[in-house]
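Structural characterization, general
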Amino acid sequence: MKKILLPLLLLAALALVTGSAQGWGFFGHRTITQIAVYDLPASMQSFYYRNLLSLVLQSTAPDERRGTDPNEASRHFIDMDHYSEEDPFGKVPREYEKAATKFSTDTLKKYGTVPWVVLEMKDSLTEAFRMRDSTAIVHYSAELSHYVSDAFVPLHTTINYDGQLTDQKGLHALWESQLPERFISTYHLEAEPAKYLKSPLEAIWTVLGQSYGFLGETFDRALKIEKTMKPEVRYTFSHRYGKTSRRFSDAFADEYDKAVGGMVNYRMRMAPGLVSSLWLTAWQDAGKPDLNALMHPSKPTKEEREKLGIELASWKRNTIAQDQLLLAQQKLKKADVVETIKSARDMGDAPANNADSDAPASDAISPAADDDAGPAKLKVKTKRTSAGTQKIKEKLDD
Ligand SMILES: [Zn+2]
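Source: prediction; values computed, not measured. (Residues numbered from 1 in each chain as written. Predicted model: local features only at pLDDT ≥ 70, side-chain atom pairs only at ≥ 80, totals over all residues.)

Some words on the overall build of the protein chain
Rules: For the purposes of this entry, the term helix denotes a DSSP run of H or I that reaches at least four residues, the term strand denotes a run of E that reaches at least two, and both are numbered from the N terminus. Residues are called buried when their C-beta atom has 20 or more other C-beta atoms within 10 Å, exposed when it has 12 or fewer, and partly exposed otherwise; all C-beta atoms are positioned from the backbone. C-beta atoms are placed from the backbone for every residue, and two residues are taken to be in contact when these atoms lie within 7 Å.
Per the secondary structure count, the protein chain includes 19 helices and two strands. Looking at the protein chain as a whole, 46% of its 398 residues qualify as buried. Excluding contacts between residues fewer than 6 apart, the proportion of contacts in the protein chain whose partners are at least 24 apart in sequence is 83%.

Have a look at this one:
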């Protein structure tokens, strides 16, 4: 783990330096992870804030693994409409064992397992707290943050994950990458304080239900703009390594933001609350170990306290993005990168009882443009305006 983790952190840190961002993956995942730390009670916050950079950098590791681990991709989504277009949430049992008995493990693997991966990561984090293993706590907190955040993206709940079945290819990167990166300074990122969750499984399924409810708007609003915008204005083409790729233009992104920006912001604003609540739940389930005792020095330094104070005040004012205080926005100073690598070197081995704990590889940090894309899909369709969409829209409006 140590050997692989070092180059991983180095490359991730360099990616931050060069400002490369991919999907909810990089910019979004980092932002959600950082905000989740602000959301914690004081008894947990000092430890998490001390490890903020590692948490933020490691929060994209699951996407980085996808290039090298064939088992990774389906852990990031669940194609609910595969099971039923009318009432998928009534068809799929919440618990993994029951769902596997009904549909087979192969089917679950093919159409995505994100709700159960969230549970798996929460259990691993609880165990890490029990073991008082600070490296594992940071590792599983970052992993948990990633998968929870993925569940907040509507396109992670459909077979038409990139609009590829409705001639809207590129929608995935537009929604979860282009829009947040372009409009982050207009977003509100306040969150409810972390709270103990009696049923993490129920909580993640609720999120997936909401995400699914947003799909109708996600597709329909794009279609509306497509009808009024000429193809040459709609897309930007780039040529790399002899290949031409197409993405939605900034002009399209501007129009799409007017139509669904509130929804993207809403999903990004809600995610940190669940991430921090799951961190807190794992900590409480492990008997609330003293996290300050895991820090050396065990108390927050004066500099840490001042820095956190400034960030919390900015976050509460809702100006954290305008103030350029998100790590995802910043070009790291060389000293910070060296520091990260130094602390990575000091890390011990993470627990090996998890299938993905040894997966990161140094050459894994080259996610494709649509890094959150699922496996090849065959079924044709998917456009809907469900009652759920309407309900959530109303919620958004107030
Ligand atoms: Zn992902």
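Notes on the pairing of strand β2 (residues 243–248)
The criterion, for reference: When DSSP finds at least two bridges between two strands, those strands are taken to pair.
Note that strand β1 (residues 235–240) and β2 share six bridges and pair antiparallel. Note that in β2 the partner of F237 across the bridge is R246. The hairpin formed by β1 and β2 contains two residues between the paired strands, and Y241 there has a positive phi angle of roughly 50 degrees.

A look at the nonpolar core
For the record, the criterion: Buried Ala, Val, Leu, Ile, Met, Phe, Trp, Tyr and Cys residues whose C-beta atoms connect them within 7 Å together make up a nonpolar core.
If you look at the biggest cluster of nonpolar residues, it comprises 85 residues, and the most contacted ones within it are V118, L125, L144, V148, A151, V275 and W279. The element best represented in this core is helix α16 (residues 250–285), accounting for 15 residues. Not counting residues within four places of it along the chain, the set of residues in contact with V118 comprises L144, Y147, V148, A151 and I204.

Examining unusual backbone geometry
One can expect most non-glycine residues to show negative phi and most peptide bonds to be in trans. A cis amide bond, omega -5 degrees, links H296 with the succeeding residue P297. Among the secondary structure elements, P297 is positioned in the loop between α16 and α17 (302–316). Phi angles above zero are rare outside glycine, and R132 is one such case at about 55 degrees. Counting through the fold element by element, R132 comes out in the loop between α10 (114–130) and α11 (134–151). Take R132: there are 14 C-beta atoms within 10 Å of it, and that puts it in the partly exposed class.

With respect to helix α14 (residues 215–228)
To keep it simple, the criterion reads: One fewer than the residue count of a helix, multiplied by 1.5 Å, yields its expected span.
With 14 residues, α14 should cover 20 Å at 1.5 Å per step; its first-to-last C-alpha distance of 21 Å lies within 8% of that length. Here α14 has its buried residues at L215, G216, E217, T218, F219 and A222.

Concerning the packing of α10 against α16
Operational definition: Throughout, an axis means a line fitted to C-alpha atoms (over the contacting stretch in the case of helices), and angles, computed between N-to-C directions, take values from 0 to 180 degrees. Comment on the angle field: the value is read as roughly parallel under 35 degrees, roughly antiparallel over 145, roughly perpendicular from 65 to 115, and oblique elsewhere. Handedness of a crossing is defined here by the sense of rotation of the near helix relative to the far one, left-handed for an anticlockwise turn of less than a right angle and right-handed for a clockwise turn.
Interhelical geometry of α10 versus α16 gives an angle of 45 degrees and a closest axis separation of 8 Å. Relative to α16, the element α10 is oriented oblique. Between α10 and α16 the crossing geometry is right-handed. In this structure, α10 uses K122, L125, T126 and F129 to contact α16, whose residues at the interface are L278, W279, T281, A282, W283 and D285.

Side note on the confidence of the model for the protein chain
Using the following cut-off: Scored from 0 to 100, pLDDT records how confident the predictor is in each individual residue.
Of all residues in the protein chain, 77% have pLDDT values of 70 or greater, and the mean over the chain is 82. Confidence drops under a pLDDT of 50 for residues 1–23, and excluding neighbours within four residues, the segment shows 56 contacts in the predicted structure. In the predicted structure, residues 344–398 sits below a pLDDT of 50 and forms 119 contacts with residues beyond four places in sequence or in another chain.

Concerning the environment of Y49
Within the secondary structure, Y49 sits in helix α3 (residues 42–50). Owing to 22 C-beta atoms within 10 Å, Y49 belongs among the buried residues under this scheme. A sequence separation of 12 residues divides Y49 from V37, and the C-alpha atoms of the two residues are 6.5 Å apart. With sequence-adjacent residues up to four places away left out, Y49 is seen in contact with V37, E304 and L308.

Focus: the packing of α14 against α16
Packed helix pairs are characterised by how far apart their axes lie and by the angle those axes make with each other. Our working rule: Asp, Glu, Lys and Arg are counted as charged, while Ala, Val, Leu, Ile, Met, Phe, Trp, Tyr, Cys and Pro are counted as nonpolar; the rest, among them Gly, fall into the polar class.
Relative orientation of the contacting elements α14 and α16 amounts to 150 degrees, with a least axis distance of 10 Å. By the angle class used here, α14 and α16 are roughly antiparallel. You can see that α14 and α16 cross each other, and the crossing is right-handed. Side by side, α14 and α16 meet where E217, T218, R221, A222 and I225 of the first sit next to F252, E255, Y256, A259, V260 and M263 of the second. A breakdown of the residues in the contact of α14 with α16 according to their chemical character gives seven nonpolar, one polar and three charged.

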